[in-house]
Amino acid sequence: MSVQKKIRGSAIGRAFAVMSAAISVSAAVENHRRPTNRDLTTLGIDPKAFDRLG
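Below you will find a few notes about this structure. (Residues numbered from 1 in each chain as written. Predicted model: local features only at pLDDT ≥ 70, side-chain atom pairs only at ≥ 80, totals over all residues. Heavy atoms only, no water.)

1. Re the overall build of the protein
Phase 1 of the analysis: Looking only at helices and strands, the protein has three helices and zero strands in total.
Phase 2 of the analysis: For the protein, buried positions account for 17% of its 54 residues.
Phase 3 of the analysis: Just so you have it, the protein exposes about 4400 Å², and 59% of that area is on carbon and sulfur atoms. (Helix = DSSP H or I, 4+ residues; strand = E, 2+ residues; numbered from the N terminus. Buried < 20%, exposed > 50% of the residue type's maximum accessible area, 1.4 Å probe, protein only. Areas by Shrake-Rupley, 256 points an atom, 1.4 Å probe, with all protein chains shown as cover.)

2. Observations concerning unusual backbone geometry
Phase 1 of the analysis: Backbone geometry at His32 places phi at a positive 60 degrees, although glycine is not the residue there.
Phase 2 of the analysis: In this fold, His32 is placed in the loop between helix 1 (3-30) and helix 2 (37-42).
Phase 3 of the analysis: For His32, a relative accessible area of 77% puts it in the exposed group.

3. Overview of the environment of Val25
Phase 1 of the analysis: Relative to the helices and strands, Val25 resides in helix 1.
Phase 2 of the analysis: Here Val25 falls in the buried class, since its relative accessible area comes to 9%.
Phase 3 of the analysis: Residues Val25 and Leu43 lie 18 residues apart in sequence; the distance between their C-alpha atoms is 9.1 Å.
Phase 4 of the analysis: Beyond its immediate chain neighbours, meaning those up to four positions away, Val25 contacts Pro35, Asp39, Leu40 and Leu43. (Contact = heavy atoms within 4.5 Å.)

4. Side note on the pattern of salt bridges
A side chain with one charge may pair with a side chain of the opposite charge, provided their charged atoms come close.
Phase 1 of the analysis: Tallying each qualifying case throughout the model produces one salt bridge.
Phase 2 of the analysis: Here Asp51 and Arg34 are joined by a salt bridge, their closest N and O atoms 2.7 Å apart. Of this pair, Asp51 sits in helix 3 (residues 47-51) while Arg34 sits in the loop between helix 1 and helix 2; the two residues are 17 residues apart in sequence, bridging distant segments of the chain.
Phase 3 of the analysis: By relative accessible area, which is 46% here, Asp51 ends up partly exposed.
Phase 4 of the analysis: What makes Arg34 partly exposed here is its relative accessible area of 37%. (Salt bridge = Lys/Arg side-chain N within 4 Å of Asp/Glu carboxyl O.)

Structure (structure tokens):
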């Protein structure tokens, strides 16, 4: 497998992970639940900082 193909696959996988995390966090906030630390971290949000937003 070429390096170009590995990079492209990795970028696409990362894009899906970010979209999935964004949807999960959005749904959690909308339903007055706390998002998972994993989803927050995927989006680049510090979970401890998120707790201080309330």
